[in-house]
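# Understanding the architecture of this molecule
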Amino acid sequence: MSWNISRYIYDDYIIISIDLQNPQRNAVAEISKLGDSWFFNRLFVPPEHRRKGIANALMEELVKILDAKCITLRNEINPYGDMTYEQLLAFYKKFGFKKTEEGFVRYPKTKKQELNVK
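Within helix α2 (residues 85-94) the residues assigned to the buried category are L88, L89, F91 and Y92. Looking straight down α2, one finds its buried side chains confined to an arc of 165°; they lie on one side. Along α2, exposed side chains directed more than 90 degrees from the buried face belong to E86 and K94. The inward-facing, buried residues of α2 contact β4 (37-44), α1 (54-68), β5 (73-75) and β7 (103-106). One or two steps after α2, the chain reaches G96, where phi turns positive at roughly 95°.

This is how it looks when you write it as structure tokens:
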């Protein structure tokens with residue numbers, strides 16, 4: 001399935017958004033930089049649009065940006081939605097997150113390169 005994906009890339013904040021025809025309820029992935037580290041703020045897909053591959057599409061796009069910009073991303077897994085800790089762990093592992101002493105971390109897989117996105 002294909003979605004209209006928007007990318008907002010700033011020096012200290014990145015948002016990936018998928019337009020779900022309701023601006024109040026778009027699907028988003030957001031990360032931000034605090035000091036020298038990047039942190040995962042949120043991944044949100046409205047309940048009525050879940051289980052359709054939208055979260056995967058958001059993460060695939062985010063991973064492209066992380067790799068192109070050589071960004072290491074830190075994440076905490078908080079199962080406060082409808083997924084268990086184990087389900088969330090499996091989901092994030094799919095995108096390269098590993099458990100470390102500092103929590104969950106995803107290291108970039110490519111050398112830094114110029115990113116040509118709108």
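Now that the structure has been shown, we can carry on.
In the structure shown here, the tally under the stated rule is six salt bridges. Residues joined by salt bridges that share partners form a network here, namely R7, E61 and K64.

This brings us to the pairing of strand β1 (residues 5-9). Taken together, the five bridges between β1 and strand β2 (residues 13-18) define a ladder with antiparallel strand orientation. When the bridges of β2 are listed, I5 appears paired with I18.

Attention shifts here to the environment of K109. One can find K109 in the segment after β7. By relative accessible area, K109 is classed as exposed at 60%. In this structure, the C-alpha to C-alpha distance between K109 and I71, residues 38 residues apart in sequence, is 9.4 Å. Residues contacting K109, with those up to four places away along its chain left out, are D67 and G96.

Right, let's talk about the packing of aromatic side chains for a bit. Counted by the stated rule, this structure contains five aromatic pairs. A ring pair is formed by F91 and Y92, whose centres lie 5.2 Å apart and whose planes are at 80°; its orientation type is edge-to-face. Across this residue pair, the class does not change: F91 and Y92 are buried. Members of the aromatic cluster, joined through ring pairs, are F40, F91, Y92, F95 and F97.

Analysis parameters
Along each chain, numbering runs from 1 in the same order as the chain's sequence is written. This being a predicted model, a pLDDT of at least 70 is required before a residue's local features are given, and a value of 80 or more before pairs of side-chain atoms are given or counted; all residues contribute to the totals for chains, interfaces and linings. Here the side-chain values reflect all heavy atoms present in the structure, with hydrogen atoms and water set aside. Type-normalised accessible area, obtained with a 1.4 Å probe on protein chains alone, sets the label of each residue: buried when under 20%, exposed when over 50%, and partly exposed for intermediate values. Put simply, DSSP marks the helices as runs of H or I at least four residues long and the strands as runs of E at least two long, and each gets a number from the N terminus on. This arc describes the spread of directions from the helix axis toward the C-beta atoms. Any two residues having at least one pair of non-hydrogen atoms within 4.5 Å are treated as being in contact. The rule for a salt bridge is simple: a side-chain nitrogen of Lys or Arg has to be within 4 Å of a carboxyl oxygen of Asp or Glu. Strand pairing follows a simple DSSP-based rule, namely that at least 2 bridges must link the two strands. Under the pairing criterion, centres of Phe, Tyr and Trp rings, with the six-membered ring standing for Trp, must be within 6.5 Å; the plane angle then separates stacked pairs below 30 degrees from edge-to-face pairs above 60, leaving the rest tilted.

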